[in-house]
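Spelled out from the first residue to the last, the chains are:
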Amino acid sequence: MAGRRTDTRERIQQVALELFAERGYDKTSLQEVAERLQITRPALYYHFRTKEEILAGVIERLVESIEELVAWGRQQPATTEARLEILRRISGLLSDQWRPLFRFAQVNQGAMEHHPKGERLRGCVISLVSLLCVPGESAEKQFESRLAVLAVILGNLPLLFGSETDPETDLNEVALHVATKLVTGA
């Protein structure tokens, strides 16, 4: 039974994020979330009483995922291979599971900025961006390392590119390729 409840909560969060990204956080009601899910409002309230609770749960899961990745990455040697694996893992983390949250954050910056968990998320993203930096490297190398991580993040924000790219282009793959070039110097 606990597994079903968790699945339902995750589905609610996923659908709510989609609606928040489409319509805006402030313009989306819990009633609309329930309708999209084809459940009753009381069924939705069983899992979440407010939109804020839904968003807090999503941010918490993302923060935990980033913190785990950062902790793992900090344990890796400062080799090119390890750095490329870190980039692949960042790409994997951001690609499917968290793309709706990043799309939401891009469209609803005000809601994220004022959310109590927003500061913790910002700190995690800063740690993530700095993950490839090696102490003692030149400022240029450290900048390239940060740019590599930012390239992967940007590849998962298709709204930034709009209609400028071919719809067949996988921006995530392009971003990972660019990030790899930054790390390897190739």
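Not measured: the values here are computed from a predicted model.

*Asks:* Whenever I open this one, the nonpolar core confuses me. Can you help?
*Replies:* Across soluble globular proteins, you tend to see nonpolar side chains buried next to one another. Residues I66, L87, I90, L101, F104, L128 and V149 are the most contacted members of the largest nonpolar core, which totals 48 residues. Elements that contribute at least two residues to this core include exactly α1 (2–23), α2 (30–37), α4 (51–74), α5 (80–95), α6 (99–107), α8 (118–129), α9 (139–154) and α10 (171–184). Broken down by element, this core gets its largest block of residues, nine residues, from α4. Not counting residues within four places of it along the chain, the set of residues in contact with I90 comprises L69, L128, V149 and V152.

*Asks:* Any chance you could explain the side chain of R83 here in plain terms?
*Replies:* Relative to the assigned elements, R83 resides in helix α5. A relative accessible area of 11% places R83 in the buried class. Those residues in contact with R83 that sit more than four places away from it in its chain are A78, L132, V134, E137, S145 and V183.

*Asks:* I would appreciate a short explanation of the packing of aromatic side chains in the present structure.
*Replies:* According to the stated counting rule, one finds one aromatic pair in the structure shown. With a centroid separation of 4.9 Å and 75 degrees between ring planes, the pair formed by F20 and Y25 is classed as edge-to-face. Like Y25, F20 is buried. Here R49 stacks its cationic end above the ring of Y45, 5.4 Å away from the centre of that ring. Of note, R89 hangs over the ring of W72, and the distance from its end group to the ring centre comes to 3.7 Å.

Definitions and limits used
Residues numbered from 1 in each chain as written. Predicted model: local features only at pLDDT ≥ 70, side-chain atom pairs only at ≥ 80, totals over all residues. Heavy atoms only, no water. Core = buried A, V, L, I, M, F, W, Y, C linked by side-chain atoms within 4.5 Å. Buried < 20%, exposed > 50% of the residue type's maximum accessible area, 1.4 Å probe, protein only. Helix = DSSP H or I, 4+ residues; strand = E, 2+ residues; numbered from the N terminus. Contact = heavy atoms within 4.5 Å. Phe/Tyr/Trp six-rings, centres within 6.5 Å; stacked < 30°, edge-to-face > 60°. Lys NZ or Arg CZ within 6 Å of the ring centre and 35° of its normal.

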